[in-house]
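The residues making up each chain are set out below.
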Amino acid sequence: MGENEMAASKTFTGNQALRIQEPLIFEVGHNGQTGVDVPEPAAHTSRLGALGRKTPIDLPGLTEPETMRHYVRLSRQNYAIDLGLYPLGSCTMKHNPRLNEKMARLPGFGDIHPLQPLSTVPGALELMKTLSSWLLKMTDMKAVALSPKAGAQGELAGMMAIRAAIAAKGETRGTVLVPESAHGTNPATAAALGYKVEGIKARADGTVSVEAVKEKLGPHVAAIMLTNPNTCGLFEPEAAAIADAIHEAGAYFYGDGANFNAIVGKVKPGSIGVDAMHINLHKTFSTPHGGGGPGSGPVVLSERLAPFAPVPFFRGDELVERVEDAAGGEMPFGRLTAFHGQMGMYVRAMAYMMSHGSDGLKQASEDAVLSANYIKASLADLMSVAFPDRPAMHEVLFDDRFLKDTGITTLDFAKAMIDEGFHPMTMYFPLVVPGAMLIEPTESESLASLDIFIAALRDLAMAAKRGDTERFTEAPRYAPRRRLDETKGARKPVLTYEAPQPVLDAAE
Ligand SMILES: *Cc1c(COP(=O)(O)O)cnc(C)c1O
């Protein structure tokens, strides 16, 4: 029994001080109870006839205060960027300024309906146009499709534009090159579109060489999907040369721009030869995300791919809504999502951009990189930096060599961080580094907050080396739950609640 469970069993209620154990809503609610008083309907004949339900619906009923408490207690079991540092590499969990929320809730943005006539929403269209022009300016690209609702869908949009461009040339190219350090969505996107995925090995320094790409090139290659900065937190120094080689072979360069937050105002992807790139508004330009929450992944396209952008898109100031409205030279591949995408995310991103200004956006990138390098320098003597010789960008990658012979794994180390009040870093990703620990502090952490985080990690690393093994293998000791079987949870999810049989019935 873990310490927290022992503590819990000492109280009459099972609660630990003001942290209250919360059962499932089905266990606390009662059938047929409701928090609102609805008068009995007058005598009537149901129009459902024989289709009417004959058994109770079995939905739990609670009073309004019970409902409120249930969800507030559940929410307190979550960790959030508004509670503490959230160093989840690759995810860019940065502070979302409250100004963004205020703007997104303005009735002219927050209350509009996707089916409203365009003539009634000129303000929203103006904002989308302005956002588009800022994104194009920052990336030096020619067209943007705002509609994709996540980074992964932006990838799909960009790769579909590439596929359409290749088809328009009358070519068939069936292979997409993906470096082995790629985010899982890259090969998944290519495979979902029917492409054969071919991996490219990284060099010992964690980056991709133009020679390794050239070896794989040929008339069968449709595109390369390259993340820059890559998922090891390193800038790909040969990206421009890779772009040249790809173009020479008649293929396209898909740049995964999820890590754009490291280079905004520093590098324009269009100018190093990227043909299509999605931008995670929900990472680079703040916005709350996580837990499958809303995202927005606009995809920017180069001159060569611009004609193939999906509808809706802007032709200058004019919104082109339908494929049939395409003008000469425009060959949109279709519509990707219903309506125009995530309006709330557009407003948040625009508020973030306008409140920072061009100098502020550039500084945000610089500070994100500075924070990651500060962590790298502060931990390099105790933890093992995976690629010590290259400067880190917005995130820093450690591996598990410093835990060698301690009997402690990356997972144990991450769980011990929970006891210290930190969300763990990204673990075991990227796959190219054994026992990977990917830390992304973001620019929104203060120096004081970084220092506490570093001090906690130093203490943990020293404890591991001293042989204080139980602090890790028993962790988390202070969380409401210990180690859950996440694999079983994902593979065999229990999605319906079955009430336990009443004791008397069960005995019969
Ligand atoms: C987050 C991320 C994605 C996917 O973005 P989603 O919005 O989660 O779909 C793709 N590539 C990289 C490198 C990422 O970090």
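Position numbers for residues start from 1 in each chain and track the written sequence from start to end. Local features in this predicted model are restricted to residues of pLDDT 70 or higher, and side-chain atom pairs are both shown and tallied only at a pLDDT of 80 or more, whereas totals for entire chains, interfaces and linings draw on every residue. Think of the side-chain values as coming from all heavy atoms in the structure, minus any hydrogens and water.

Colleague: Whenever I open this one, empty space enclosed by the protein confuses me. Can you help?
Modeller: In this approach the atoms are scanned with a rolling probe the size of a water molecule, which exposes any empty space left behind. With a 1 Å grid laid over protein atoms only, a set of points is called a cavity when a 1.4 Å probe fits there but cannot get out and a pocket when it is open yet has protein on both sides within 12 Å along at least five of seven lines; lining residues have an atom within 4 Å of a point. Grid points are joined across faces, edges and corners, and a volume is the space filled by probe spheres set on the points. Within the structure shown, the criterion is met by five cavities of 30 Å³ or more. Its boundaries defined by the atoms lining it, the largest cavity holds a volume of some 100 Å³. Asn-228, Pro-269, Ile-272, Val-274 and Met-277 are the residues nearest the centre of the largest cavity, which is lined by 15 residues in total. In this text, helices come from DSSP runs of H or I with a minimum length of four residues, and strands from runs of E with a minimum of two, each type numbered from the N-terminal end. Looking at the lining of the largest cavity element by element, the count peaks at three residues for strand β7 (residues 252-256). Size it by volume and the second largest cavity reaches roughly 70 Å³. Those elements that place two or more of their residues in the lining of the second largest cavity are β3 (143-145) and β10 (313-315). Here the term charged refers only to Asp, Glu, Lys and Arg, the term nonpolar to Ala, Val, Leu, Ile, Met, Phe, Trp, Tyr, Cys and Pro, and the term polar to all other amino acids, Gly among them. When the residues that make up the lining of the second largest cavity are grouped by side-chain class, the tally is eight nonpolar, two polar and no charged.

Colleague: Looking at this structure, how should I read the pattern of salt bridges?
Modeller: When the charged atoms of two side chains lie near each other, side chains of opposite charge can form a pair. A side-chain nitrogen of Lys or Arg and a carboxyl oxygen of Asp or Glu constitute a salt bridge if their distance falls within 4 Å. Taken as a whole, this structure holds 28 salt bridges when the rule is applied. Between Lys-266 and Glu-366 there is a salt bridge, with its nearest N and O atoms 2.6 Å apart. With Lys-266 in the loop between β7 and β8 (276-278) and Glu-366 in helix α12 (residues 343-379), the pair connects residues that are 100 residues apart, well separated along the chain. Take Glu-366: its relative accessible area is 34%, and that puts it in the partly exposed class. The shortest N-O distance in the salt bridge between Arg-477 and Asp-419 comes to 3.9 Å. Highlighted residues: Arg-477 in the loop between α15 (470-473) and α16 (486-491) and Asp-419 in helix α13 (residues 410-419), separated in sequence by 58 residues. Each of the salt bridges in this network shares a partner with another, and the network as a whole consists of Arg-203, Asp-205, Glu-238 and Arg-390. Exposure is judged per residue with a 1.4 Å probe applied to protein chains only, and the accessible area is read against the type maximum: over 50% gives exposed, under 20% gives buried, and values in between give partly exposed.

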